[in-house]
Number of protein chains: 2
Amino acid sequence: MDFVDRARQGWEISRPDLDVSSIEVMGRIGRIGALASHHAGRALQSAEITRAEFDVLCTLARGEGPLRASEVTAATMLSGASTTKNAERLVKRGLIERLPWERDGRVVLMRLTAKGEELIDREFPRFLETDAAMLAGLTANERTQLAALLRKVALTVEALT
Amino acid sequence: MDFVDRARQGWEISRPDLDVSSIEVMGRIGRIGALASHHAGRALQSAEITRAEFDVLCTLARGEGPLRASEVTAATMLSGASTTKNAERLVKRGLIERLPWERDGRVVLMRLTAKGEELIDREFPRFLETDAAMLAGLTANERTQLAALLRKVALTVEALT
DNA sequence: ACAATCTATTTTACTAGTAAAATAGATGCT
DNA sequence: AGCATCTATTTTACTAGTAAAATAGATTGT
């Protein structure tokens, strides 16, 4: 009995006429996402960094070369204002640097510093381990299947504007 | 090519030694969850209600009878302080009411008003429809499979404290 | 019974995130 | 070229969420 089984049971009793089957997938995605995010947040406290800041660093770490602020905004799914604030905090901590872009003076490029790279080298593998631990209940085959199904959903959802 | 395919490609180039396969599942869960949540938030603007407030109302709607504030806190995964604030806003809008519990004076019970029930009757089916639309790319069989796999993950993750 | 302790919720003080306005640079049209 | 328009980022003013302290009621041990 997971959280969604209990929720579904509740709806069955209070609104038996509704077809709530979509929560079997979407409700679990929301719940697992929130739990995983809380977990990661707690794990990152030792690095004195927030989940959002870690997301920014990961985005930069996996990008080829510096990224525009707007690219970071798109990847993190936060507002542009948030990107400015996160960037300020990360610059202050010496984890990233901002550079102008000579081809367009409006653009601000963001890049990891050596210290930022180190933080990712240290924290990202730990992050991957906790993520992997959450999939411990599945066989390799099930993981592949699950990834493929989620990929289909992701493509549908990303297409909805 | 969804968001995670691009992220994975990035890691492959910048950190080819790391096994980032867990993001195939966990990264997509996070991404789909965030997109779905943004979507729902936008849809609820017409009802002048936030996602968090809607979650509180749904929790109460599917519960049998009034729920304790602490039960709402557990279900929404927000802090107790947030439950107090959300409850205040919802009481002010006449969508819920707070009652004392005679068996324990510390406890505050929360219950939907008729107006709150109406809002759920109106908005929850619309919410289910958008959720269902996100699964449009899957066959009925795939949906069942996906739900079963996510259920396993949910049970693992919920067990991690 | 009553002091110490525990528990549920609220309050306080603060941090993070946002929408909309402001700023500054680029582009297009004549 | 020059003015209107568009675009990228930052600033401002505000809302939502939180941790920790405060409050108030319950429980336990003597």
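You'll find the structure just up there.
Caption draft 1: Representation of the nonpolar core within the structure. If you look at the biggest cluster of nonpolar residues, it comprises 40 residues, and the most contacted ones within it are Ile32 and Leu150 of chain A together with Ile32 and Leu150 of chain B. Going through the elements one at a time, helix H1 (3-14), helix H2 (26-44) and helix H7 (140-159) of chain A together with helix H1 (3-14), helix H2 (26-44) and helix H7 (140-159) of chain B are the ones with two or more residues in this core. Beyond its immediate sequence surroundings of up to four residues, leucine 150 of chain B is in contact with Val25, Arg28, Ile29 and Ile32 of chain A.

Caption draft 2: Fine view of the protein's contact with DNA strand C. Around DNA strand C, the structure places 21 residues, and the nearest of them are Ala52, Ala81 and Gly105 of chain A together with Ser70 and Ala81 of chain B. Sorting the residues of the surface near DNA strand C by element identifies helix H5 (80-92) and strand S3 (104-112) of chain A together with helix H4 (69-76) and helix H5 (80-92) of chain B as the ones contributing at least two each. Partitioned by chemical class, the residues of the surface near DNA strand C number 8 nonpolar, 8 polar and 5 charged.

Caption draft 3: How the structure looks around the protein's contact with DNA strand D. Neighbouring DNA strand D are 21 residues; Ser70 and Ala81 of chain A together with Ala52, Ala81 and Gly105 of chain B lie closest to it. Elements with a minimum of two residues in the surface near DNA strand D: helix H4 (69-76), H5 and S3 of chain A together with H5 of chain B. Of the residues in the surface near DNA strand D, the class split is 8 nonpolar, 8 polar and 5 charged.

Scoring rules and cut-offs
Residues numbered from 1 in each chain as written. Chains lettered and ligands numbered in written order. Predicted model: local features only at pLDDT ≥ 70, side-chain atom pairs only at ≥ 80, totals over all residues. Core = buried A, V, L, I, M, F, W, Y, C linked by C-beta atoms within 7 Å. Buried ≥ 20, exposed ≤ 12 C-beta atoms within 10 Å, placed from the backbone. Helix = DSSP H or I, 4+ residues; strand = E, 2+ residues; numbered from the N terminus. Contact = placed C-beta atoms within 7 Å. Near = placed C-beta within 6 Å. Nonpolar A, V, L, I, M, F, W, Y, C, P; charged D, E, K, R; others polar.

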